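For reference, the chains in residue letters:
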Number of protein chains: 2
Amino acid sequence: MSTQVSEACPISEVLDHVAGKWSIGILVAAAHGPIRFTELERAVSGISRRMLTLNLRKLERDGLLVRTVHPTVPPKVEYSLTPMARELHSYLTGLVDWADRYRGAITRARAAYDGAAGPV
Amino acid sequence: MSTQVSEACPISEVLDHVAGKWSIGILVAAAHGPIRFTELERAVSGISRRMLTLNLRKLERDGLLVRTVHPTVPPKVEYSLTPMARELHSYLTGLVDWADRYRGAITRARAAYDGAAGPV
DNA sequence: CAGAATCCAAGAAGATACTG
DNA sequence: CAGTATCTTCTTGGATTCTG
């Protein structure tokens, strides 16, 4: 058997792009409809302009976001999800929802772990 | 840090731990039942021993994995999911499934993007 | 077997400044 | 408004070696 496994990028790489900290925030924020750069900057809390740009490019390149430039002054650029990103979005919200439900428990688990092991 | 705001860690941080490239692989591999270190090393393709250890500690600290040491010779250590990780697992498999369905499309999207923009 | 310790390279990310 | 460019810092991750 010709194990020509990687005709396409490995799953782990896809997941790495799609499930990154910033990617999830961006995709979730863009899911409500077309969203502008500055709106995204506010929506994704903690992201820097640079990181936003880089992640937008990555997601656009992967075919998850569509970038629409309106040739006006001042410029207006909108980002929206492609169909495959929209499908992804439901899984992402499940994840976000889970994180929200359990972040208290996780914080407590960390405290217990650190307390037991020995924080110096 | 004498932080007053963070009663619990922000969602983005939780997601960052849980949805990392390695974390997903580890959690999915451990979902079948208790799994040993070396088995994980084989199951999570591409991971190094070091990264595996670091990620196992992180997940254990977050209360997602339970580490069981059997005091035998040679040593035997098993990892299994906690209930909250088990709940997470269903969302993760959804994600993995999505990634598998679309990785071909993503690879093509990249090629198109690179081809159009100008790969120098 | 299941790690821990150390060193080092590469990439991610922040700060800041500039532009069509 | 929506970026780009540059510089520096911090973190991630690989390779290797050692141990109970």
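How each quantity is defined
Residues numbered from 1 in each chain as written. Chains lettered and ligands numbered in written order. Predicted model: local features only at pLDDT ≥ 70, side-chain atom pairs only at ≥ 80, totals over all residues. Heavy atoms only, no water. Helix = DSSP H or I, 4+ residues; strand = E, 2+ residues; numbered from the N terminus. Core = buried A, V, L, I, M, F, W, Y, C linked by side-chain atoms within 4.5 Å. Buried < 20%, exposed > 50% of the residue type's maximum accessible area, 1.4 Å probe, protein only. Contact = heavy atoms within 4.5 Å. Near = heavy atom within 4 Å. Polar contact = N/O pair within 3.5 Å; in protein donor to acceptor, adjacent residues only side chain to side chain. Pairing = 2+ DSSP bridges. Axes fitted to C-alpha atoms, helices over the stretch in contact; angles between N-to-C directions. Least-squares fit on C-alpha atoms with pLDDT ≥ 70 in both. Expected span 1.5 Å × (residues − 1). Arc of directions from axis to C-beta. Buried area = accessible area lost by both parts, 1.4 Å probe. Salt bridge = Lys/Arg side-chain N within 4 Å of Asp/Glu carboxyl O.

Draft legend 1. Highlighting the environment of Asp16 of chain B. With respect to the helices and strands, the residue Asp16 of chain B is situated in helix H1 (residues 11-18). Between the C-alpha atom of Asp16 of chain B and that of Val69 of chain B, which follows or precedes it by 53 residues, the distance is 27 Å.

Draft legend 2. Focus on the nonpolar core. By size, the foremost hydrophobic cluster in this structure holds 66 residues, and its most contacted members are Trp98 of chain A together with Trp98 of chain B. Among residues more than four places away in sequence, those in contact with Trp98 of chain B are Val14, Val18, Leu64, Met84, Glu87, Leu88 and Tyr91 of chain A together with Ile106 of chain B.

Draft legend 3. Structural view of helix H2 (residues 21-30) of chain B. For H2 of chain B, the tally of buried residues reaches seven of 10 residues, placing the bulk of the element in the interior. For H2 of chain B, the set of buried residues is Trp22, Ser23, Ile24, Ile26, Leu27, Ala29 and Ala30 of chain B.

Draft legend 4. Looking closely at the protein's contact with DNA strand D. Of all residues adjacent to DNA strand D, which total 18 residues, the nearest are Thr38, Thr53, Arg67 and Tyr79 of chain A together with Arg50 of chain B. The sugar and phosphate moieties of DNA strand D supply 60% of its atoms located within 4 Å of the protein. Arg50 of chain B places a polar side-chain atom, nitrogen or oxygen, 2.6 Å from a base nitrogen of DNA strand D. When contributions to the surface near DNA strand D are tallied by element, the ones reaching two or more residues are helix H3 (37-43), helix H4 (49-61) and strand S3 (76-81) of chain A together with helix H4 (49-61) of chain B.

Draft legend 5. Inspection of the sheet that holds strand S1 (residues 35-36) of chain A at higher detail. Residue and element names in this part refer to chain A. The strand order across the open sheet built from three strands is S1-S3-S2, with neighbouring strands paired in antiparallel fashion. Bordering the open sheet on either side are S1 and strand S2 (65-70), each of which pairs with just one other strand. Summarising the sheet, S1 and S3 pair through two bridges and their orientation is antiparallel. The residue of S3 that forms the bridge with Ile35 is Tyr79.

Draft legend 6. Fine view of the sheet that holds strand S2 (residues 65-70) of chain B. All names here are of chain B. Spatially, three strands are ordered S1-S3-S2 in an open sheet, and the strand pairing comes out antiparallel. The outermost strands of the open sheet, each flanked by one partner alone, are strand S1 (35-36) and S2. One ladder, built from six bridges, connects S2 with strand S3 (residues 76-81); its direction is antiparallel. Along S3, the bridge assignment pairs His70 with Lys76. The strands touched by H4 within the sheet are S2 and S3, with S2 carrying the most contacts at an inclination of about 115°.

Draft legend 7. Here's a closer look at the relation of the copies chain A and chain B. When chain A is brought onto chain B, the operation consists of a screw motion whose angular component is 180° and whose axial shift is 0.0 Å, with 0.0 Å RMSD remaining. Classification of the inter-copy transformation places it as that of a two-fold axis. Mapped onto chain B, 100% of the interface residues of chain A are again interface residues, and the two copies thus contact each other with one and the same surface.

Draft legend 8. Broad picture of unusual backbone geometry. A cis amide bond links Val73 of chain A with the next residue in sequence, Pro74 of chain A, at an omega value of 0°. Here Pro74 of chain A lies in the loop between S2 and S3.

Draft legend 9. Up close: H4 of chain B. All names here are of chain B. If you check H4, its first and last C-alpha atoms are 18 Å apart, about what 13 residues at 1.5 Å a residue would give, namely 18 Å. Within H4, burial applies to Leu52, Asn55, Leu56, Leu59 and Glu60. Buried residues in H4, looked at end-on, bunch into an arc of 135°, giving them a common side.

Draft legend 10. The arrangement of the interface of chain A and chain B in detail. Facing the 43 residues of chain A at the interface are 43 residues of chain B. Of the roughly 4,300 Å² buried where chain A meets chain B, counting both sides, 66% is carbon and sulfur surface. Three residues stand out in chain A for area buried against chain B, namely Arg61, Trp98 and Arg110 of chain A, and they jointly supply 18% of the buried area on that side. For the interface between chain A and chain B, the tally reads eight salt bridges.

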